[in-house]
Amino acid sequence: MEMVWVKMEKDVVHELLRRLNSVSQNVDEIMQQETSPLCAADIISELKKKFAFLSGGRGQDGSPIIIFPEFPSFGEIGDQEFHNVLTYLTSVPSLSAAGVGFILVIDRRQDRWACVKGTLLRISGHFPGNLRLVLVLRPSTLLQRTLSDVLFKLHRDDFKMKVPVIMLSSVAELHTYIEQSQLTQELGGTQQYCHKTWISHRTDIEGFAVLVKRMAQRLQAFGRELAETDLPNSPLATSNLLNTHCSKRESMKEEIAGALGQGRKILENIREPVRRDPDSSLNPDQLENLATVHRLLSQLNESSTAFDDFWVQHHNKLEMCLRLRQFEHNFQQVWEELAQATTRVTTFSHVGMSPTHTEHLLRELSSQEEKACELLDRLRALVVEGEGLVDSCEFADDSVKVKCCELQRAGEKLPQQLQTKKDLLLQAMELHQRLQSVCKWCEDGIYLLAAQPLDRCQSQEGAESALQELEGYLETANERQEWDMDMVWREYESVLNEELKEQVKRVFEKRTMLQEMFEKRRVSLKKLAAKQTRPVQPVAPTPEAIKSPPSSPALRNREKSCANKESEGSSDHNEVCSEQNGGSSRTASVSDEEENLAVLRRHVMNELLETERAYVEELLCVLQGYAAEMENPAMAPIIPTVLQNKKDVLFGNMQEIYHFHKTTFLRELETYTDCPELVGRCFLERMGDLQIYEKYCHNKPRSESLWRQCSDCAFFQECQKKLEHKLGLDSYLLKPVQRITKYQLLLKELIKYSKGREGSVELQAALSSLLGILKAVNDSMHLIAITGYEGNLGDLGRLLMQGSFSVWAEHKRGHVKMMELARFKPMQRHLFLHEKALLFCKRREESGEGYEKAPSYSFKQELSMRAIGITEHAKGDNKKFEIWSSSRDEVYTVQAASEEIKTIWVREIRKLLTGQLEACREASQQRATDQLTSENNSLDRLIRDGQSSMRNTEMEKKEDESSNEPGSPDGKKAEKAMGTFPSNETKAKRQEIKSDPTPLETGPHPHFGGVRRLSTSSLFQNRRRGWNKGSLSLDASVEQDGYFSAEDHVTSDPEEEREKKPAVEGAEFVRTDEEPKQPAESEDGHD
C-alpha cells in the first residue's frame, strides 16, 4: 500500500509543479521580464525626475508617445540614468504597440539650440526601442529659433537617426501630427496625466506580479514538502500530521486570498478616474495596465486551482492513511483485549473449593461474559469497518482482509470457550451441592449420635427407641449411599483437580466414618434392646424317683451336701455372669462417650476449616472487587475526591491478613483435620503472626470514618452491584474483627471436648494467648484515644491494665489536710497502668456510630511507679484501695466496680512495686559487696605490711637480746601495733553482712487471712538489727547513695519521722492493715 501511495503522490506532485512553472513563465512574459528586467522600484528616483515619461497617448497609427518635457538640468543627467529610464519606458507598452514604434515629443521651447542638440544626440545614441517619429518644439526666441533652423540643417547627419526629425515652431504645428486628446495639457492637449499616480500604478503592478510569481514558487515548495513527508505508523501521529498540513494549507490559502485582494485593489486604483468622472475614459496605457493586472490575477487563480487539485489528492491520501492507521490501532487493541480475555478464560479456575467459591467464580464468569459481549460488539464493528475500508479504498492491500478474517475467527472462538467454562462451573456447582448434601447428612447424623442420651439407652425401651430413630435416619441415605466415589470420578472427571479430589475423598471418608459409627451404635443398641430374661426348663418327675425307697441318713446327708454345693456353684456362676455383663455395659458406655466426643471435636474442626475457607474467599472478594477497582482507570471518574489515594486507610492491612491466612494459616490448619485436639499447636506457632490484627483494629476507626463520608457514592454501589453482594462494604470490613474473636470461641469448644486428651494443654495455652491478643488490642484501642498527654506514651512501658474507677483526691498542705475543693462526690476517672507510670484520665462522651463511637480520654494526672505506695484496704468499703505519694501528701482513694476488679489491680500494682524493690535491693547489695571487697583488699595490704615489720623486729631481737626485754616499751608498742589489725573473726562478720537477707513482713488483717506489709523503713530496721554500728560501708549514707535517694520522690515512714531517728529515706509500697490512730494519721484518714 505504501508503494501505491508513493507512486500516486509522485504523479500528483509532478502535475502540480508543471502547472506552477507555467504560471511563473506566464508572469515573466506578462511583465516582459525577459526583454527588460528593470522595474520601477529599481529606478524610482530617476523616474521621479520626470525628464521623460509615457503620457499614455498614442499616435494615429497607435504608436506610444514619449514626452521629453522642459528640463533645465537635462545636461546633468548621466548616460546610464538616461539609458535606464528610456529602457524602462519602452518596456511598459505592450509588445504590439512597441513594435509599431515610439513617437518622441521633445519640448525645448525655453531652451537653446545647444540643449536641443544634446537631447537629439543622446536619443540617437541611447534609445533602446523603435522610433516612429521625432517631433521637436524648437526654442521660441528669434535668435535661438534662427540658429536652430540653420544649425539643424548643417548637423542633420550628426544625429544618425533613421526616422525623420521634425522641427516645430509652435504647439499648433504639433497638433497636426498628434491629436489633442493624446497630448497632455502642457502641450495644449486635453489628456489628464499625473506622473506620481503613474509611478504608483507601475510599482503596484510590478509588485503584484512579483507576488504572484512568489506564490507560485511557494506553492511548488509546499506541494513538494507535502509529497515528500513520510506517513506515520500511529493514528495519533497521522492525525497530528493531517491537522498540521491542513493548518499550513489554510495559511497558504489566506495568503492567496490576500494576493487576490491586492490585485483587485490595483484594479480599483486604475479605474479611479472613471469612477470619479464617468464621462472620462482611460488612456491606452491605463487600459494596458488593467489588462496586465487581469492576466496576473488569472495566473494567481491558476496557481490556487492547481494547488487545490493537488490538495484534494493529498488530503484524501492522509485521510485514508488515518483510517487505515486507526483500523490497525483498533485491531491491535481489540486483538490484545481478545487475547487477554482468552487468557483469562483459559486460566480461569473452572472449579471452586466450595459452593460459595463456585458461585463467586460464576459471577466472575458472568462479568467476563458481559465484558466479552462488549468486546465482541466492538470486534464486529471493526470487521464491518475493515470491509468498508477495503471496498472504498482502491489502495487498501490484502492485510486488511486478513485481519478481518482473523477477527472473525477469534470472535467465534471466545464465546465457545466461555460456554465451555460455564458448563464446567455448573458441573462443579452440581458436584459441590451433592457434596454439601452428603456433608449436611453427615453433620445431622453426628448431631443425632451426640444427642442420644446414653443413660436412657441402658433400658430396653430407650435402646429400642434410639435404634428406631437411628434406622429411620439411615433410610434417608439410600440415594447418598448409591453415589460412590467411582461414580464421581466418571461423572465429574472434567472438573476434578487435586484439591477437589482431596475434598471428595474427605467427604466420602466422613460418610464412611459416620456409617461405621452408626453401625457400631446400631450393634450396641441391638445388644441393649435384647431382653435379659433367664430361661426356665421344666423337669418331670421320673418313676424311679417316685418308687425309690428312702435312703439312709448318711446318704441323705451326702446328697444334701452335694445339692448345697451345686446350689452354691450355681449362685457363684450367676454372680460372675452378672459382673461380666455389668462390666461390658460400662465399657460400652465409656466407648460411646469417647466416640461422641471425637465426633464433636471433628465437627468443631470442620466448622473451623469451613469458616476459615469462607473467610479467605471473602477477603479475596473484597480485595479484588473493591481495593483493586480503586486503581482501575475506568472507575476513576466515579471515585469521590475524599476517597482518592486512601486505599490504605479504607482497607488497612487487609492484604497482609489475606496473604497470611491464604498461604500459611489455612494450610497449616488443614494438616490437623484428623487430629483436632492438636490444633492448639498451630495457634501457638502462629500467635506472633496473629498480631497483625492489632494493626487492623487500630486503623478501624479511620476506616469507619472514611467509609461514612462516602458510603453512598456511585463507586461503592457499582462494585457491590458487580459482586452481587447483598451487604455493603462496611459489613465485609468488619470480617477481620469478627474472625479474630471467633477463634477463641472455637478453641473453647475444642477444650470442652478434649479434656484429658493429648494437646489439651496446648489448646488452653493457645486460648490464653489469643485472649491476651484480644485484651492487648482492646487496651491499645483505648490507649490511642488519650488526648492532652504531652510526653511519649511509649516511654511509660507496656500497658498492663486499664479501667474506669471512682476516685477521691485528698491533699495535705502544710500541717492542715483538706478535701480537694470539698469534693465529697467522687471523680470518674479511667486509669491506665503502665510499667513505669499510672495515668488518670477523664472519659469523654462517646459520639458517632460503629467504630466511631469509641470513647476519648482527657489526660489529667500522672504518677510515677517509683514514687507511689498503696494501701490495699480503705475504710468503709472492700472495693476501695488507696494510692499515695510524696510522704502521703497526695492520697487517691480508688473504688472499683467489684471486689474482684480491685483485687486484680492491687495484685498487679503490688507485683510492679515488689519487682522494683527487689531490683533496688540487688543493686544495693552488689554495691555493698564491691565496696567491702575493695576495703578487704586494703586491709590485707596493711596486714602484709605489719607482718614484714614484725619479722624485722624479731631479727633485731636476735642481734641484741640483752638490750630488748619483753616488758620494755618497744615491745609494748609492737604488741599494740599487732592489736590494731582486724582478726579473721572480723572478716567473717563482714562476710555475713554482705549476705544478710531481708524478709517481707506478714501480718493478719481483719478481712483477709494473711496480708503482707512491705516498706523500705522496715527493711532498713531489719538490717540495723542484724548489723553492728561498726559496719564499714553499710551505713545510712551508703544506702541513700544506692537505690533510695531524694530523686526517687519516695516517702518516709511517718513513725520514724516522729521518733526523729536517723534512717534512710524509703517508701512504704504496700500497706494492707489499718495503722494505729495517731494525730498525724487521724488527719489523713479518708472514708
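Residues numbered from 1 in each chain as written. Predicted model: local features only at pLDDT ≥ 70, side-chain atom pairs only at ≥ 80, totals over all residues. Heavy atoms only, no water.

> Outline the overall build of the chain, supporting the account with residue identities and numerical values.
Scanning the chain from N- to C-terminus turns up 35 helices and 17 strands. Taken across its 1087 residues, the chain has 42% of its residues classed as buried. Of all intrachain contacts in the chain linking residues separated by at least 6 positions in sequence, the fraction that spans at least 24 positions is 75%. By element, 51% of the accessible surface of the chain is carried by carbon and sulfur atoms, the whole surface being about 59000 Å². (Helix = DSSP H or I, 4+ residues; strand = E, 2+ residues; numbered from the N terminus. Buried < 20%, exposed > 50% of the residue type's maximum accessible area, 1.4 Å probe, protein only. Contact = heavy atoms within 4.5 Å. Areas by Shrake-Rupley, 256 points an atom, 1.4 Å probe, with all protein chains shown as cover.)

> Run through the environment of K842, naming residues and quoting values.
Topologically, K842 is positioned in strand β10 (residues 837–843). On a C-alpha basis, the gap between K842 and T787 in space is 9.9 Å, while along the polypeptide they are 55 residues apart. Leave out the neighbours within four places in its chain, and K842 touches Q828, R829, S856, Y857, S858 and K860.

> So what about the state of the cysteines? Which residues, and what values?
Taken as a whole, this structure holds 0 disulfides when the rule is applied. A disulfide-free cysteine, C405 has its sulfur positioned 6.9 Å from the sulfur of C404, the nearest such atom. (Disulfide = S-S within 2.5 Å.)

> Would you mind going over the side chain of T238 in detail, with residue names and values included?
Examined against the element boundaries, T238 turns out to sit in helix α10 (residues 235–270). A polar side-chain atom of T238 sits 2.8 Å from the main-chain carbonyl oxygen of S234. Not counting residues within four places of it along the chain, the set of residues in contact with T238 comprises P232, L318, C321, L322 and R325. (Polar contact = N/O pair within 3.5 Å; in protein donor to acceptor, adjacent residues only side chain to side chain.)

> Hey, could you go over the side chain of S303 for me, with residue numbers and the actual values?
Summarising the element assignment, S303 is placed in helix α12 (residues 284–347). Residue S303 is classed as buried on the basis of its relative accessible area of 0%. In this view, S303 contacts L20, V23, A216 and L219; residues no more than four positions away in its chain are not counted.

> A description of the environment of H195 should follow, citing residues and the corresponding values.
Along the chain, H195 turns up in helix α9 (residues 195–228). Setting aside residues no more than four positions away along its own chain, H195 makes contact with L47, K48, K50 and F53.

> Before we move on, could you go through the sheet that holds strand β3 (residues 102–107) and cite the residues and values that matter?
Taken in spatial order, the 5 strands make up an open sheet running β1-β2-β3-β4-β5, and their pairing is mixed. Each edge of the open sheet carries a strand with a single partner, namely β1 (53–58) and β5 (165–168). Adjacent strand axes in the sheet meet at a mean angle of 25°, parallel and antiparallel pairs treated alike. Taken together, the 4 bridges between strand β4 (residues 131–137) and β5 define a ladder with parallel strand orientation. Each bridged residue has a counterpart across the sheet, and for L135 the counterpart in β5 is I166. (Pairing = 2+ DSSP bridges. Axes fitted to C-alpha atoms, helices over the stretch in contact; angles between N-to-C directions.)

> Before we move on, could you go through the packing of aromatic side chains and cite the residues and values that matter?
In this structure the tally under the stated criterion is 25 aromatic pairs. Residues F51 and F82 carry aromatic rings whose centres are separated by 6.0 Å and whose planes lie at 25° to one another, so their mutual orientation is stacked. With F51 in the loop between α2 (44–49) and β1 and F82 in helix α3 (residues 79–91), this pair connects stretches of sequence that are 31 residues apart. On the accessibility criterion, F51 (1% relative accessible area) is buried. Since its relative accessible area comes to 0%, F82 is described here as buried. An aromatic cluster is present here, built from F51, F68, F71, F74 and F82 joined pairwise through their rings. (Phe/Tyr/Trp six-rings, centres within 6.5 Å; stacked < 30°, edge-to-face > 60°.)

> Give a description of the pairing of β1 that names residues and reports values.
Counting buried positions along β1 yields 6 of 6 residues, so the element is predominantly enclosed. Hairpin connection from β1 to strand β2 (residues 64–68): 5 residues lie between these consecutive antiparallel strands, with G62 at a positive phi of about 85°.

> So what's going on with the nonpolar core? Which residues, and what values?
Across soluble globular proteins, nonpolar side chains have a tendency to be buried as a group. Counting residues in each nonpolar core, the largest one holds 64 residues, and the members touching the most others are L650, F651, V679, F683 and F716. The biggest single contributor to this core is helix α20 (residues 553–627), with 13 residues. Those residues in contact with F716 that sit more than four places away from it in its chain are Y626, L643, L650, W707, C710, S711 and L729. By size, the runner-up hydrophobic cluster in this structure holds 48 residues, among which are F53, V105, L133 and L183. (Core = buried A, V, L, I, M, F, W, Y, C linked by side-chain atoms within 4.5 Å.)

> An account of helix α22 (residues 654–670) is needed here, citing residue identities and associated values.
A maximum bend of about 45° is found in α22 at H661. Along α22, the residues that are buried comprise M654, I657, Y658, F660, H661, T664, F665, L666 and L669. (Bend = angle between axes of the 7 residues up to and from the residue.)

> With reference to specific residues and values, describe the packing of helix α14 (residues 398–451) against helix α15 (residues 460–474).
Interhelical geometry of α14 versus α15 gives an angle of 180° and a closest axis separation of 11 Å. One finds that α14 runs roughly antiparallel with respect to α15. Contacts between α14 and α15 involve K440, W441, D444, G445, L448 and L449 from the former and E469, L470, Y473 and L474 from the latter. Residues that form the contact of α14 with α15 fall into these classes: 6 nonpolar, 1 polar and 3 charged. (Parallel < 35°, antiparallel > 145°, perpendicular 65-115°, else oblique. Nonpolar A, V, L, I, M, F, W, Y, C, P; charged D, E, K, R; others polar.)

> Got a sec to walk through the packing of α12 against α14? Specific residues and values, please.
For the pair α12 and α14, interaxial distance at closest approach is 10 Å and the crossing angle is 25°. Classed by the angle they form, the pair α12 and α14 counts as roughly parallel. For the element pair α12 and α14, the recorded crossing hand is left-handed. Along the contact surface, α12 presents L324, F327, E328, F331, V334, W335, L338, A341, T342, V345 and T346, while α14 presents V400, K403, C404, E406, L407, A410, G411, L414, Q417, L418 and K421. Considered class by class, the residues forming the contact of α12 with α14 number 14 nonpolar, 4 polar and 4 charged. (Left-handed = near helix turned anticlockwise from the far one by under 90°.)

> How would you sum up a negative patch on the surface? Please name residues and give values.
Residues E498, E499, E502, E509 and D674 make up a contiguous surface patch of negative charge. Turning to its location among the elements, D674 is positioned in the loop between α22 and α23 (679–685). (Patch = residues over 30% accessible without salt bridge, like charges linked within 9 Å, V, L, I, M, F, W, Y side chains within 5 Å. Salt bridge = Lys/Arg side-chain N within 4 Å of Asp/Glu carboxyl O. Lys, Arg positive; Asp, Glu negative; His and termini not counted. Charge placed at Lys NZ, Arg CZ, Asp CG, Glu CD.)

> Explain the pattern of salt bridges to me, and be specific about the residues and the numbers.
Applying the stated criterion to the full structure yields 41 salt bridges. Note that R681 is salt-bridged to E762, the shortest N-O span being 3.9 Å. Of this pair, R681 sits in helix α23 while E762 is found in helix α28 (residues 760–783), placing the two residues 81 residues apart along the sequence. With relative accessibility at 24%, the residue E762 sits in the partly exposed group.

> An account of α15 is requested, with residue identities and associated values reported.
The end-to-end C-alpha separation of α15 is 21 Å, in line with the 21 Å expected for 15 residues at 1.5 Å each. Within α15 the residues assigned to the buried category are G462, A463, A466, L467, L470, Y473 and L474. Each buried residue of α15 lies within a common arc of 130° when the element is viewed along its axis, so the set occupies one face. Turned more than 90 degrees from where α15 packs its buried face, E461 and Q468 sit exposed. (Expected span 1.5 Å × (residues − 1). Arc of directions from axis to C-beta.)

> Give me the lowdown on the confidence of the model for the chain, citing residues and values where you can.
Taken as a whole, the chain shows an average pLDDT of 75; of its residues, 73% reach a score of 70 or greater. For the stretch residues 532–585, pLDDT sits under 50, and the model shows 4 contacts to residues farther than four places along the chain or on other chains. Under a pLDDT of 50 for its full length, residues 959–1087 has, in the predicted model, 188 contacts with residues more than four places off or in other chains. (pLDDT = per-residue confidence, 0-100.)

> Please set out unusual backbone geometry residue by residue, giving values where relevant.
Excluding glycine, residues mostly carry a negative phi; peptide bonds, for their part, are mostly trans. Here the phi dihedral of K50 falls at roughly 60°; this positive angle occurs in a residue that is not glycine. Position of K50 among the secondary structure elements: in the loop between α2 and β1. The backbone phi angle of N645 is positive, close to 60°, even though this residue is not glycine. With respect to the element layout, N645 can be found in the loop between α20 and α21 (647–651).

> Give me the environment of Y696: which residues, what numbers.
Within the element layout of this structure, Y696 appears in helix α24 (residues 692–709). Accessibility expressed as a relative area gives 2% for Y696, which makes it buried. Expressed as a C-alpha distance, the spacing of Y696 and V737, which sit 41 residues apart in the sequence, is 8.3 Å.

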